[in-house]
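Residues per chain are reported as follows:
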Amino acid sequence: MTGQAPLAAGDPAAPLHSILAARIRQSGPIPFAEYMRECLYHPEHGYYSRAGAGKFADYYTSVDVHPIFGRLLARQLAEMWEVLGSPRPFNAVEAGAGVGRLAGHILDFAAHELPAFYGALEYVAVERSAARRAEHSERLAVHGGAGKVSSSSEIPRAIAAGCIFSNELLDALPTHRVAVENGKLREMNVGIEGERLVEISGEPSTPRLEEYFREQGIALQEGWQAEACLEACEWIENAGRALDRGFVLTIDYGHEASALYNERHNRGTLLAYRDHAVSENLLDAPGGQDLTSHVNFTALELWGRRAGLSRTGLVTQSQFLVALGRANEFADLYEPGQTELEKLRARLLLKNLIHPEGLGEKFQVLIQQKGIGMPNLTGLSGY
Ligand SMILES: C[S@@+](CC[C@H](N)C(=O)[O-])C[C@H]1O[C@@H](n2cnc3c(N)ncnc32)[C@H](O)[C@@H]1O
């Protein structure tokens, strides 16, 4: 983390900066996880809570590149439905559905290309931000009117058969930050000096931090900093408990623990995004910038097991999309009546999704299953 730039008057981050400064002055430093929760999800000033914030996003996801991403995901969901014996209903529960772009791509494609699956489908768009729920309800109104989609702030408590899936949800969950100092695990907190938010280490706020690293056999070295996203562990456990039979599919930027907690990431992986620029200035502009950290897929597997989830497979996004698209040579890329130039453009956008230098190798797809034997899923067939 580097020096904090002063906030200009009228900066959207100024109100939250004042709220946090007052809280810290009154009650002392707060864990970084609490700071990050306020920055992203404060009901009024949080980055994801502000109405219309998605229109000027400081980041773009695979969903924004081309609808082929959602279309191939729809094919994988339809195959999962068949593997489960074509139950009615089949719940496709999208967690962190945002403004509903991915839901739109999946539902539009299923309605036209996978009618039997669409007939059984009950889609739930789960989104923490009320402003984004309002946006996705409007965007998905056609499917809502047909009784095919509902909107919720939480994952349904009981899902008889279905798939809970997410794209870039878990990297946006508030995470604890720790460091090893004099052989001891310390937690990084946010304090204040004058008007500046500063980082201060202290005793771990919960014994779950020690447990997190112990459970995974991770030995952090002296001087290293790292994240421990306890909220992601809770999230996957809750998702697993809600599900009776089916799958949890997680697409995110991240690694298994052995590749995450090493010399290469010895300052942790948290980054701030503002105006498409990336920085390590995590304490700048609270609520005015996106904050993300890499996902630990080993933790998802371990905490998922506590709720009866077992690993079906982990592949790169590139392997996943190529395996699903090759059956029809990526015919799902095109719209009827497109010119050759438009088709070429679509193929170039696909490259961005699958190319190692683009999103293809950075993102991983973890699939976990519950209540069924080991299935063969096309999306995992490429490894
Ligand atoms: C980085 S955005 C990704 C949006 C979308 N999935 C995409 O790929 O474009 C993360 C979204 O997850 C939402 N979110 C965060 N925590 C959540 C939770 N516990 N339950 C539901 N939504 C959540 C945020 O409000 C935000 O809209």
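Described below are features of the structure shown in this document.

So, how was this worked out
- Residues numbered from 1 in each chain as written.
- Predicted model: local features only at pLDDT ≥ 70, side-chain atom pairs only at ≥ 80, totals over all residues.
- Heavy atoms only, no water.
- Helix = DSSP H or I, 4+ residues; strand = E, 2+ residues; numbered from the N terminus.
- Buried < 20%, exposed > 50% of the residue type's maximum accessible area, 1.4 Å probe, protein only.
- Contact = heavy atoms within 4.5 Å.
- Areas by Shrake-Rupley, 256 points an atom, 1.4 Å probe, with all protein chains shown as cover.
- Lys, Arg positive; Asp, Glu negative; His and termini not counted.
- Charge placed at Lys NZ, Arg CZ, Asp CG, Glu CD.
- Near = heavy atom within 4 Å.
- Polar contact = N/O pair within 3.5 Å; in protein donor to acceptor, adjacent residues only side chain to side chain.
- Nonpolar A, V, L, I, M, F, W, Y, C, P; charged D, E, K, R; others polar.
- Axes fitted to C-alpha atoms, helices over the stretch in contact; angles between N-to-C directions.
- Parallel < 35°, antiparallel > 145°, perpendicular 65-115°, else oblique.
- Left-handed = near helix turned anticlockwise from the far one by under 90°.
- Salt bridge = Lys/Arg side-chain N within 4 Å of Asp/Glu carboxyl O.
- Pairing = 2+ DSSP bridges.
- Disulfide = S-S within 2.5 Å.
- Expected span 1.5 Å × (residues − 1).
- Arc of directions from axis to C-beta.
- Phe/Tyr/Trp six-rings, centres within 6.5 Å; stacked < 30°, edge-to-face > 60°.

This part covers the overall build of the protein chain. Helices and strands together make up the secondary structure of the protein chain, namely 14 helices and 16 strands. The buried share of the protein chain, taken over its 383 residues, is 56%. Within the protein chain, counting contacts between residues at least 6 apart in sequence, those at least 24 apart form 78% of the total. If you sum the accessible surface of the protein chain, you get close to 16,400 Å²; carbon and sulfur atoms cover 50% of it. Across the protein chain, the centroid of the 36 positively charged side chains sits 2 Å from that of the 48 negatively charged ones.

Right, let's talk about the site of the ligand for a bit. With respect to spatial proximity, 15 residues lie near the ligand, and among them Y41, G96, E127, R132 and N167 are the closest. G96 places a main-chain nitrogen or oxygen 2.8 Å from a nitrogen atom of the ligand. Interatomic distance of 2.5 Å between a side-chain N/O atom of E127 and an oxygen atom of the ligand. If the ligand stood free it would expose 600 Å²; the protein chains cover 92% of that surface. Here the residues of the shell around the ligand are counted per class, giving seven nonpolar, four polar and four charged.

A separate point is the packing of helix α10 (residues 230–242) against helix α12 (residues 297–305). Following both chains from N to C, one finds α10 and α12 inclined at 45 degrees, their axes separated by 8 Å at the closest point. The angle between α10 and α12 falls in the class oblique. Remark: the crossing between α10 and α12 carries right-handed chirality. Contact residues: A232, C233, I236 and E237 in α10; A299, L300, W303 and G304 in α12. Split by residue class, the contact of α10 with α12 holds six nonpolar, one polar and one charged.

It is worth spelling out helix α13 (residues 317–325) at this point. Across the nine residues of α13, seven count as buried, placing the element largely inside the fold. Among the residues of α13, those classed as buried are Q317, S318, F320, L321, A323, L324 and G325. Taken together, the buried residues of α13 touch α3 (62–65), α4 (68–83), β10 (243–255), β15 (310–316), α14 (340–354) and β16 (363–370).

With that settled, the discussion passes to the pattern of salt bridges. Applying the stated criterion across every chain yields a total of 18 salt bridges. The shortest N-O distance in the salt bridge between R306 and E211 comes to 3.3 Å. Placement of the pair is R306 in the loop between α12 and β15 and E211 in helix α9 (residues 208–215), with a sequence separation of 95 residues. Notably, a salt bridge pairs R311 with E256, separated by 3.3 Å at the nearest N-O pair. Note that R311 is positioned in strand β15 and E256 in the loop between β10 and α11 (257–260), a separation of 55 residues in sequence. Taking relative accessible area as the criterion, R311 reaches 30% and is therefore assigned partly exposed. Each of E256, E301, R305 and R311 takes part in one network of salt bridges that share partners.

Here we take up the pairing of strand β3 (residues 121–126). Of all six residues making up β3, five are buried, and the element is well covered by its neighbours. In this structure, strand β2 (residues 90–95) lies alongside β3, joined through six bridges in parallel fashion. Of the residues in β3, the one forming a bridge with A95 is V126. By the bridge criterion, four bridges tie β3 to strand β4 (residues 149–152) in an arrangement that is parallel.

All right, on to the state of the cysteines then. Counted according to the given criterion, the structure contains zero disulfides. Just so you know, C39 is unpaired, no disulfide at all, and the nearest cysteine sulfur is the one on C229, 15 Å from it. By relative accessible area, which is 1% here, C39 ends up buried.

Spanning 15 residues, α14 covers 21 Å between terminal C-alpha atoms, matching the ideal 21 Å at 1.5 Å per step. Inspection of α14 places A346, L350, L353 and I354 among the buried residues, and these make up the whole buried set. Buried residues of α14, viewed axially, fall in a sector of 80 degrees; they line one side. For α14, the exposed residues lying more than 90 degrees away from the buried face are L341, R345, L348 and K351. Among the structural elements, α3, α4 and α13 are those in contact with the buried residues of α14.

Our focus in this paragraph is unusual backbone geometry. A cis geometry characterises the amide bond from R88 onward to P89, with omega recorded as 0 degrees. Structurally, P89 can be placed in the loop between α4 and β2. Residue E168 is not a glycine yet carries a positive backbone phi of 55 degrees. Tracing the backbone shows E168 in the loop between β5 (159–167) and β6 (176–181).

Next up on the list: the packing of aromatic side chains. Following the criterion strictly, the structure yields 10 aromatic pairs and no others. Note on Y41 and Y48: the rings are 5.7 Å apart at their centroids and 20 degrees apart in plane angle, and the pair reads as stacked. For the ring pair W81 and F117, a centre distance of 5.8 Å and an interplane angle of 55 degrees mean the geometry is tilted. Of this pair, W81 sits in helix α4 while F117 sits in helix α6 (residues 115–120), placing them 36 residues apart in sequence.

Let us now look at the sheet that holds strand β11 (residues 271–274). Either a parallel or an antiparallel arrangement is found when strands of a sheet pair, and the pairing is made through backbone hydrogen bonds. Strand order in this open sheet of three strands is β12-β11-β13, and the pairing throughout is antiparallel. A strand with exactly one partner marks an edge of an open sheet, and here the two such strands are β12 (277–279) and β13 (290–292). Strand-to-strand twist in this sheet, taken as the mean axis angle between neighbours without regard to direction, amounts to 30 degrees. Inspection of the sheet shows β11 paired to β13 by three bridges, in the antiparallel sense. Residue pairing in the sheet places A272 in a bridge with L291 of β13.

None of this, on its own, says anything about what the molecule does.
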